[in-house]
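Analysis of the macromolecular model
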Amino acid sequence: VIEPTTKKLETLQKIEQLPNILDICVVSTCADVRCFLMKKLATTRNVKNFLVEKFLFQRVEDYDIVGKLLREKKIDTRVNCHFRSIEPYRSIKRKLLKCGRCKMTISGDNWGLASNGVHYIDLFLFLTSSRRFFVEKSELNWELSETKREGFVEFSGEIIGANSNGDSLTMI
């Protein structure tokens, strides 16, 4: 909690310690508890805005549950995709505006397709001024590997997609 009058940052351990009105609530927990936490916050506090980490939830049904609650409570919610705010990417975007089609490739070893692919899809959409991404090919290696977080897994493979303007993204 940040107190505007004293400019003091305070860390709290329980939801009950929070003020009743929250202008912005940053939820940076692991995805397996996020649905529970967002429901509790939205039903016990007057939250105006949520900022959450990707991946939002572990279960498909949690998207429906929280989505419905956010619409009912009229809580504006954003997913933290930080590449958009980094100046070198903004500079690249300005240069791309003068070019034709964009072909973007992300590749490497152990870069985390499952956990980080969404950031690169968002960056691709940002750089190409697009709102929709269409998967054209998905060949995932279903050999799961452990991550630094207990109970979470990672996978690799290839995803190829495009936007409606014909720009393409390949993630390997």
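The structure this text deals with has already been given above.
Reading guide: rules and limits
- Residues numbered from 1 in each chain as written.
- Predicted model: local features only at pLDDT ≥ 70, side-chain atom pairs only at ≥ 80, totals over all residues.
- Heavy atoms only, no water.
- Core = buried A, V, L, I, M, F, W, Y, C linked by side-chain atoms within 4.5 Å.
- Buried < 20%, exposed > 50% of the residue type's maximum accessible area, 1.4 Å probe, protein only.
- Helix = DSSP H or I, 4+ residues; strand = E, 2+ residues; numbered from the N terminus.
- Contact = heavy atoms within 4.5 Å.
- Salt bridge = Lys/Arg side-chain N within 4 Å of Asp/Glu carboxyl O.

The next subject is the nonpolar core. In this structure, Cys25, Val27, Met38, Leu41, Val47 and Phe50 are the most contacted members of the largest nonpolar core, which totals 18 residues. Contributions of two or more residues to this core are made by β4 (25-27), α1 (31-44), β6 (49-52) and α2 (60-73). If one sorts the elements of this core by residue count, α1 sits on top with five residues. Those residues in contact with Val27 that sit more than four places away from it in its chain are Arg34, Leu37, Met38, Leu41, Phe50, Leu51, Val52 and Glu53. Listed in part, the 17 residues of the second largest apolar core include Leu123, Phe124, Phe133 and Ile159.

Glancing now at the pattern of salt bridges. Per the stated rule, a full pass over the model turns up 10 salt bridges. Between Asp76 and Arg78 there is a salt bridge; the shortest N-O distance is 3.4 Å. Its relative accessible area of 36% is what places Asp76 among the partly exposed residues. Among the ionic pairs, Lys137 bridges to Glu139, the shortest N-O distance being 3.7 Å. Residue Glu139 is classed as partly exposed on the basis of its relative accessible area of 46%. Salt bridges linked by common partners bring Arg59, Glu61 and Asp62 together as one network.

Note that every value here comes from positions in space, so none of it alone points to a role or purpose.
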